[in-house]
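As a plain string of letters, each chain reads:
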Amino acid sequence: MHSRVVKTVCPFCGVGCGMYLTSDGQGNVCGVAPEQDHPISLGKLCEKGWSSVYAISPDNRIHHPLKRKRDRFVTISWDQALAEISTFLQDILEESGPQAVGVISSARATNEDNYAAQKFARAVLKTNNVDHCARICHSPTVAGLKQVLGSGAMTNSTKDLFDTEVIVVFGADPTENHSVLGGQIIEAKLAGATLIVVDPRVTRLAKLADIHLQLKPGTNIALINALLHEIISNDWHDRDFIDNRCDGFYALKSNVEKITPESVAEITGVDGPLIRQAAERYSRANRAMILYGMGITQFVSGTNSVIALADLALICGHIGKPGTGINPLRGQNNVQGACDMGCLPNVYPGYQLADEVDTQQWFAAAWGDDVATAPGLTSLGMTKAAQAGDFRAQILFGEDPVVTDPDQNHVRAAYKAMDLLVVAELTMTETAKLADYILPAASFAEKAGTFTNCERRVQRINPVIPPPGEAMGDWQWLQALAEAMGSRVLNWHSSEAVFDEMASLTPSYQGMNYQNLDRNHGLQWPCNANAPQGTAILHQQQFPIGRARLTPVHYVPIDEPADELFPLLLTTNRLHFHYGCGSMSRKSPLLERETPPGILFINPQDASALSIQLYGPVGVRSRRGYIETRAMITEDVQPGLVSMPYHFKEAPSNQLTNTAQDPVTKMPELKACAVAVIALPVDHIPSAVWQLKEEP
Ligand SMILES: Nc1nc2c(c(=O)[nH]1)N[C@H]1C(S)=C(S)[C@@H](COP(=O)(O)OP(=O)(O)OC[C@H]3O[C@@H](n4cnc5c(=O)[nH]c(N)nc54)[C@H](O)[C@@H]3O)O[C@H]1N2
Ligand SMILES: Nc1nc2c(c(=O)[nH]1)N[C@H]1C(S)=C(S)[C@@H](COP(=O)(O)OP(=O)(O)OC[C@H]3O[C@@H](n4cnc5c(=O)[nH]c(N)nc54)[C@H](O)[C@@H]3O)O[C@H]1N2
Ligand code: SF4
Ligand SMILES: [Mo]
């Protein structure tokens, strides 16, 4: 093997920064460098991108298929693993039918892997039980924007940040989580753009903002309705745009008639005059863009909050033009792609509806086999059904729900209740520890394929080293498993062949192939005969549903407010140096030294009332669980609110979180639940949950 340099894309967040990886010629990546002329990252990477070498190092990887033997795992061959899993699956299918099995795919894996996963579910297992982490991330975006605009994706491009007058960051923390874009927002602000931040915490951008609306968690709709009221009552809305392009204005107007900024001051905790200022700055700008994140979606009111934000952009005419738009900051490197590929129970690739007979027939004909017809379960639907004994087998790759799904005790019990759990992973995660079989998966640096970033840009990734041991790309082992089950519907010889099949069946990807993706730094969908160069800005002339549907929505309080027993509200957030379940970022000693494993952010007032000291050990209890960690005392959270990251298996905030769900998308309320916090003796070492609990 020779040392070589390969151009690829960062495997962490949805920004999709361009990078070069260098291999040492002995199966290791030994260098990372930013791509200087990349259209989004412009020659930059954040610390996570720079640390991707550790995340995939062969030292930390699963090299061979593993099978559970009581309380340990033994190495077996691929042939044995595939034969046993396939027999197991066939027995369960025969006894309990296709509703009892399902697939969880990965927003960290490629489009090719995700396309294969939903095809495997629908045409091999004959089930629509296929889902992935978008369920607990931007599923309200997919549903809410689809309803109002007809398409659930970022409307504009990241380069528009340099071409706008006002940037509204609503429930997102981009300097931590989309760091390269966070830096660009700071640059735009320094170059004269107005920055408005809406967040209950004082984020880094909130500190720099012209206006910070520090609302109480879960009160987005009350606040947005007051903004709508203020704009409409001052006649700051864009009448021409509304007349030409939107329906439903009068219903929206009458819905907010009485919702003055003062009338929501109590609910939101934000002073009326500040709401007025924000309404004026946003609506009266020529170009203003909204970026939003989990502070909008992760609530029981998630879908309606997305709808309210879309209403706000529409009545101001801030859509369909450069420097405007409603822009969900999609989180995972390929979560936009996993949704586009149809790894959702209700849609096929390109959001073609799974319950429509036409769609079913079209895919059945293209794939040459019958497909599932019954409605599918969501990810949390599968775990719930498992506990009820109705769901028996799951094939899961590239997710760690035991750490990342809400109510950890419930999730763990559900996975233990399944008869068969197969996990394909890079590394031993908490969920993999519960598996019956673990399959070694190839990482982004070991396979070819594509990722679709937050601005709908489909970019190629390229292998720089071979997979460690016997690891395989996800579409490859899915194909091998289908073959072991006697199905030939997954039948490709290369990633390119998977892509070409997918593009032929996915209208928004139809004009793409590996060659034109390479030539253009990727292409933004829709890319087809009408838009061969792709589309930087959606909805310029019309919406996919013709006219936009302005939709009035009402404020609904959070499911579990603080009370006497659980007097503080817990919200969860992310830290710049760690990612998701931590299974990749925590392999880096450089990232690991930056933060202690687990931390509770608490206001000085609450800390003093509870006799909690800086870095002192604390116990945190909710109605669902108990964890111990250390306290960080900071004015960044207001009195009454505490905050925790969810990256640390030693102090998993998802022990505590609430599973109450958004009725439309089943998004759980990850951003608010009631907790009680106590100070522990200063010499007490916070005990890790995974050490306390018995492991199988
Ligand atoms: N470093 C790092 N980067 C990541 C990730 C990671 O794990 N680590 N994960 C990636 C993924 S999967 C995703 S989805 C993105 C998520 O990126 P973000 O959406 O930025 O995620 P969060 O930090 O969870 O939440 C954003 C903000 O919402 C605020 N918030 C809480 N409640 C409310 C509310 O009621 N209203 C408003 N307006 N705001 C509220 C929080 O205080 C927080 O600052 O990040 C991606 N990037
Ligand atoms: N409390 C709380 N909980 C949350 C959130 C929150 O804000 N608060 N946010 C939620 C959100 S937005 C999200 S997206 C989820 C994320 O939750 P997860 O998707 O569970 O988190 P990740 O850490 O991204 O897990 C991805 C796994 O994929 C593996 N992997 C990476 N690449 C590949 C590949 O190519 N193939 C295979 N087979 N495996 C691969 C990695 O090793 C890693 O273990 O967490 C959610 N949980
Ligand atoms: S901003 Fe996101 S894509 Fe870019 S280097 Fe950081 S983690 Fe990777
Ligand atoms: Mo996410």
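Residues numbered from 1 in each chain as written. Chains lettered and ligands numbered in written order. Predicted model: local features only at pLDDT ≥ 70, side-chain atom pairs only at ≥ 80, totals over all residues. Heavy atoms only, no water.

- An unreviewed UniProt entry lists the chain under the name Formate dehydrogenase subunit alpha, from Photobacterium indicum.
- Recorded under Cofactor (unreviewed entry), the UniProt text for the chain is reproduced unchanged: "Mo-bis(molybdopterin guanine dinucleotide)". (UniProt positions renumbered as here; feature names shortened; annotations may be inferred.)

## Examining the overall build of the chain
Alright, step 1. Looking only at helices and strands, the chain features 26 helices and 28 strands.
Alright, step 2. By the compact-globule yardstick of 26 Å for 696 residues, the chain fits well, its C-alpha radius of gyration being 24 Å.
Alright, step 3. Each of the three principal axes of the chain carries a C-alpha extent, and together these read 70 × 65 × 50 Å.
Alright, step 4. Here the chain holds 696 residues, and 65% of them are scored as buried.
Alright, step 5. A sequence separation of at least 24 residues applies to 74% of the contacts in the chain between residues at least 6 apart. (Helix = DSSP H or I, 4+ residues; strand = E, 2+ residues; numbered from the N terminus. Rg over C-alpha atoms; globule rule 2.2 N^0.38 Å. Buried < 20%, exposed > 50% of the residue type's maximum accessible area, 1.4 Å probe, protein only. Contact = heavy atoms within 4.5 Å.)

## Notes on the packing of helix α18 (residues 379-387) against helix α20 (residues 408-417)
Alright, step 1. Between α18 and α20, the shortest axis-to-axis distance is 8 Å and the interhelical angle comes to 65 degrees. The interaxial crossing formed by α18 with α20 has left-handed handedness. Together, Thr383, Lys384, Ala386 and Gln387 of α18 and His410, Ala413, Ala414, Tyr415 and Ala417 of α20 make up the contact between the two elements.
Alright, step 2. Looking at the contact of α18 with α20, its residues break down into 5 nonpolar, 3 polar and 1 charged. (Axes fitted to C-alpha atoms, helices over the stretch in contact; angles between N-to-C directions. Left-handed = near helix turned anticlockwise from the far one by under 90°. Nonpolar A, V, L, I, M, F, W, Y, C, P; charged D, E, K, R; others polar.)

## Details of the sheet that holds strand β4 (residues 66-69)
Alright, step 1. An order of β5-β4-β18-β17-β16-β6-β7 is seen for the 7 strands of this open sheet, with the pairing classed as mixed. The open sheet has two edge strands, β5 (72-75) and β7 (130-131), and neither has a second partner.
Alright, step 2. Relative to strand β16 (residues 393-397), strand β6 (residues 101-104) is paired through 4 bridges, and the arrangement is parallel. Bridge assignment links Ile104 to a residue of β16, and that residue is Leu396.
Alright, step 3. Taken strand by strand, helix α4 (residues 111-125) contacts β6, β7 and β16, and its axis lies near 175 degrees from that of β6.
Alright, step 4. Strands in contact with α18 are β6, β7 and β16; relative to β6, the strand with the most contacts, it is inclined by about 140 degrees. (Pairing = 2+ DSSP bridges.)

## Notes on the UniProt feature "domain: 4Fe-4S Mo/W bis-MGD-type" (unreviewed entry) in the chain
Alright, step 1. Here, UniProt's "domain: 4Fe-4S Mo/W bis-MGD-type" (unreviewed entry) annotation points to residues 3-60.
Alright, step 2. For residues 3-60, the end-to-end C-alpha separation is 21 Å, with 14% helix and 31% strand making up the annotated structure.

## Regarding the site of ligand 3
Alright, step 1. If you check the shell around ligand 3, you find Cys10, Phe12, Cys13, Gly16, Cys17, Leu45, Cys46, Lys48, Gly49, Ser179 and Val180 and nothing else.
Alright, step 2. Broken down by secondary-structure element, the contributors of at least two residues to the shell around ligand 3 are α1 (47-50) and α7 (179-190). (Near = heavy atom within 4 Å.)

## As for the site of ligand 2
Alright, step 1. Close contacts around ligand 2 come from 34 residues, with Asp400, Thr404, Glu425, Asp474 and Ser583 the closest.
Alright, step 2. Within the side chain of Gln332, a nitrogen or oxygen atom sits 3.0 Å from an oxygen atom of ligand 2.
Alright, step 3. Isolated, ligand 2 exposes 920 Å² of accessible area, and the fraction of that covered by the protein chains is 98%.
Alright, step 4. Taken together, the residues that form the shell around ligand 2 break down as 15 nonpolar, 11 polar and 8 charged.
Alright, step 5. Taken domain by domain, the makeup of the shell around ligand 2 includes at least three residues from each of domain 2 (66-132 + 333-524) and domain 4 (568-691). (Polar contact = N/O pair within 3.5 Å; in protein donor to acceptor, adjacent residues only side chain to side chain. Areas by Shrake-Rupley, 256 points an atom, 1.4 Å probe, with all protein chains shown as cover. Domains from an automatic or database assignment.)

## Some words on empty space enclosed by the protein
Alright, step 1. Applying the stated rule across the entire model yields 4 cavities of 30 Å³ or more.
Alright, step 2. Considered as a void within the structure, the second largest cavity measures approximately 90 Å³ in volume.
Alright, step 3. If you trace the second largest cavity, you find 13 residues lining it, with Cys10, Cys13, Cys17, Cys46 and Gly49 closest to the centre.
Alright, step 4. Within the residue set of the lining of the second largest cavity, elements represented by two or more residues are α1 and α7.
Alright, step 5. Its residues assigned to classes, the lining of the second largest cavity comprises 8 nonpolar, 4 polar and 1 charged. (1 Å grid on protein atoms, 1.4 Å probe; cavity = no way out; pocket = protein on both sides within 12 Å on 5 of 7 lines; lining within 4 Å. Points joined across faces, edges and corners; volume = space filled by probe spheres on them.)

## A closer look at the packing of aromatic side chains
Alright, step 1. The final tally for this structure, using the stated rule, is 11 aromatic pairs.
Alright, step 2. Among the aromatic residues, ring-to-ring pairing joins Tyr115, Tyr348, Trp362, Phe363, Trp367, Trp475 and Trp492 into one connected group.
Alright, step 3. For the cation-ring pair, Arg245 lies above Phe543, with the distance from its terminal atom to the ring centre recorded as 4.4 Å.
Alright, step 4. Of note, Arg456 hangs over the ring of Trp525, and the distance from its end group to the ring centre comes to 5.8 Å. (Phe/Tyr/Trp six-rings, centres within 6.5 Å; stacked < 30°, edge-to-face > 60°. Lys NZ or Arg CZ within 6 Å of the ring centre and 35° of its normal.)

## Brief notes about the environment of Leu614
Alright, step 1. Within the element layout of this structure, Leu614 appears in the loop between α25 (604-609) and β25 (617-621).
Alright, step 2. With 416 residues separating them in the primary sequence, Leu614 and Val198 have C-alpha atoms 28 Å apart.
Alright, step 3. Those residues within four positions of Leu614 in sequence are excluded, and the remaining contacts are Ala631, Met632 and Ile633.

## Things to note about the sheet that holds strand β10 (residues 211-213)
Alright, step 1. Taken together, the 5 strands give an open sheet; going across it, the order is β10-β9-β8-β12-β13, and neighbouring strands pair in parallel fashion. Either end of the sheet is taken by a strand with one partner, and the two such strands are β10 and β13 (326-328). In this sheet, neighbouring strand axes are inclined to one another by 15 degrees on average, regardless of whether the strands run parallel or antiparallel.
Alright, step 2. Of the pairings in the sheet, the one linking strand β9 (residues 194-198) to β10 comprises 3 bridges and is parallel in character. By the bridge assignment, Ile196 is partnered in β10 with Ile211.
Alright, step 3. The strands touched by helix α13 (residues 272-284) are β8 (166-170), β9, β10 and β12 (288-292); relative to β10, the strand with the most contacts, the crossing angle is about 125 degrees.

## Describing the pairing of strand β20 (residues 457-461)
Alright, step 1. Counted residue by residue, β20 has 5 buried out of 5 residues, so it is predominantly covered.
Alright, step 2. Here β20 shows a buried face lined by Arg457, Gln459 and Ile461 and a second buried face lined by Val458 and Arg460.
Alright, step 3. Of the strand pairs in this sheet, strand β19 (residues 449-452) and β20 are connected by 4 bridges, and their pairing is antiparallel. The residue bridging Gly449 from the neighbouring strand is Ile461, located in β20.
Alright, step 4. Linking β19 to β20, which pair antiparallel, is a turn of 4 residues; within it Arg456 sits at a positive phi near 70 degrees.

## Points about α4
Alright, step 1. The terminal C-alpha atoms of α4 lie 20 Å apart, and with 15 residues this matches the ideal 21 Å at 1.5 Å per residue to within 8%.
Alright, step 2. Judged by how many residues are buried, α4 sits mostly within the fold: 15 of 15 residues are covered.
Alright, step 3. Looking one or two residues past α4, Lys126 carries a phi angle of roughly 65 degrees, positive in sign. (Expected span 1.5 Å × (residues − 1).)

## Some thoughts on the pairing of strand β3 (residues 29-34)
Alright, step 1. Two elements, strand β2 (residues 18-23) and β3, share 5 bridges in a ladder whose sense is antiparallel. Directly across from Met19, in β3, lies its bridge partner Pro34.
Alright, step 2. Here β2 folds back onto β3 in antiparallel fashion, the turn holding 5 residues, of which Gly25 has a positive phi close to 85 degrees.

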